[in-house]
Amino acid sequence: MTIRSMIAALAAAASFLAIGCAPAVKFLQTEAKPNVEEGKIKSVTFLAAFRADNLSDEQVVYKVRVLNRRNEPIRSGNGTFRDTDGDVAASKTYMIGPSPFVVPDAQVSIPARELEVRRGDLPISAEFLVFDAAGKELAKTTAPIPVRSAGPKSASKEHDAAESPRRTSEPPPGDRPGEAFNPWTARRGYNGEPPPAEPPAAGAGDPEVPMPRSAAGARAPTPVKKPTAPPADPHAD
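So, here's what we can say about the structure. (Residues numbered from 1 in each chain as written. Predicted model: local features only at pLDDT ≥ 70, side-chain atom pairs only at ≥ 80, totals over all residues. Heavy atoms only, no water.)

1. Considering the overall build of the chain
When helices and strands are tallied, the chain shows two helices and seven strands. Taken from N to C terminus, the helices and strands of the chain fall in the order α-β-β-β-β-β-β-β-α. Considering the chain as a whole, with its 237 residues, one finds that 31% of them fall into the buried category. Across the chain, contacts joining residues at least 24 apart in sequence account for 63% of those joining residues at least 6 apart. (Helix = DSSP H or I, 4+ residues; strand = E, 2+ residues; numbered from the N terminus. Buried < 20%, exposed > 50% of the residue type's maximum accessible area, 1.4 Å probe, protein only. Contact = heavy atoms within 4.5 Å.)

This is the structure we're talking about:
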């Protein structure tokens, strides 16, 4: 073996050892889980399991950001759940044990009203990240965020179809362009359900209420029987 080939072999071995000992994190499972109370989504919990290698006795930051349909972070308007960049996010720190170490239940939660989603952002997704103590990104993946629950109060397709004329007559404020839209608190319902049916107003569509004769499409007037004249008195003058 020549000196040049020996140097190349040693360099390759050093590179392999360096890569093998480098800190690394791999996501094993991720999920955005809506928390439903009385058929309404109150918050979303972001669950993850990840494996950390070569990070013994080190701290890592588990962080979740909310992305719009273009995979762009959604900006925080009120600054309640946000990161240093001003995006909607939540994070938590975990201590890593002997390598390899698995964190089976990393989780953070964000109230539904704090996700600050607009209609143009849908469908939305969650970006799961893990950073080391120095802020270096070690792992990243995404998962969809459902905006409907599978609870018993979710609307069926038949119910949606039956209610569609009522809903399309006038869009709710959250459905109008340029206005904030929260898929959990819009007037349609927390889970995309139609609003409760309103009793029909008295008028043309109510068969129990008579219509004035002058109204368009009025019913034919019902003949009124004239009162029967009393019989003539034979003794009258």
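Let's pick the thread back up.
2. A closer look at the pattern of salt bridges
The tally for this structure, following the rule as stated, stands at seven salt bridges. Measuring nitrogen to oxygen at the nearest pair gives 2.7 Å for the salt bridge that ties E127 to R65. In this pair, E127 is assigned in strand β6 (residues 125-132) and R65 in strand β3 (residues 59-67), connecting sequence segments 62 residues apart. Residue R65 is classed as buried on the basis of its relative accessible area of 16%. Residues joined by salt bridges that share partners form a network here, namely R65, R75, D87 and E127. (Salt bridge = Lys/Arg side-chain N within 4 Å of Asp/Glu carboxyl O.)

3. Examining the sheet that holds strand β4 (residues 89-95)
With antiparallel pairing, four strands are arranged side by side in an open sheet as β4-β3-β6-β7. The sheet is open, and its two edges are formed by β4 and β7 (137-144), each paired on a single side. Across the sheet, the axes of successive neighbouring strands diverge by a mean angle of 20 degrees, strand direction being ignored. By the bridge criterion, eight bridges tie β3 to β6 in an arrangement that is antiparallel. Looking at the pairing, V60 lines up with D132 of β6. (Pairing = 2+ DSSP bridges. Axes fitted to C-alpha atoms, helices over the stretch in contact; angles between N-to-C directions.)

4. With respect to the nonpolar core
In terms of nonpolar packing, the biggest core is built from 33 residues, with F46, F50, Y62 and F128 touching the most fellow members. At the level of elements, β1 (24-37), β2 (40-53), β3, β4, β5 (101-111), β6 and β7 are the ones that each hand at least two residues to this core. (Core = buried A, V, L, I, M, F, W, Y, C linked by side-chain atoms within 4.5 Å.)

5. Considerations on the sheet that holds β1
Read across the sheet, three strands follow the order β1-β2-β5 without closing on themselves; strand pairing throughout is antiparallel. With partners counted over all chains shown, the strands left at the sheet margins are β1 and β5, one partner each. The average angle at which neighbouring strand axes cross in this sheet is 20 degrees, direction not considered. As paired strands, β2 and β5 are joined by nine bridges and run antiparallel to one another. The residue bridging R51 from the neighbouring strand is V102, located in β5.

6. As for the packing of aromatic side chains
All chains considered together, the criterion is met by five aromatic pairs. With 6.4 Å between their ring centres and 70 degrees between their planes, F46 and F128 make a pair best called edge-to-face. One end of the pair, F46, is in strand β2; the other, F128, is in strand β6, and 82 residues separate them in sequence. Across the pair, F128 and F46 agree in class, each one buried. Pairing Y62 with Y94 gives two aromatic rings, centres 6.4 Å apart and planes at 65 degrees, and the pair type is edge-to-face. One end of the pair, Y62, is in strand β3; the other, Y94, is in strand β4, and 32 residues separate them in sequence. Judged by its relative accessible area of 0%, Y62 is buried. Chaining the aromatic ring pairs together yields one cluster made of F27, F46, F50, Y62, Y94 and F128. (Phe/Tyr/Trp six-rings, centres within 6.5 Å; stacked < 30°, edge-to-face > 60°.)

7. Notes on the environment of Q107
Looking at the element boundaries, Q107 is found in strand β5. The spacing of Q107 and K92 is 15 residues in sequence and 7.7 Å in space, taken between C-alpha atoms. Setting aside anything within four residues of it in sequence, one finds Q107 in contact with T45, F46, L47, Y62, K92 and Y94.

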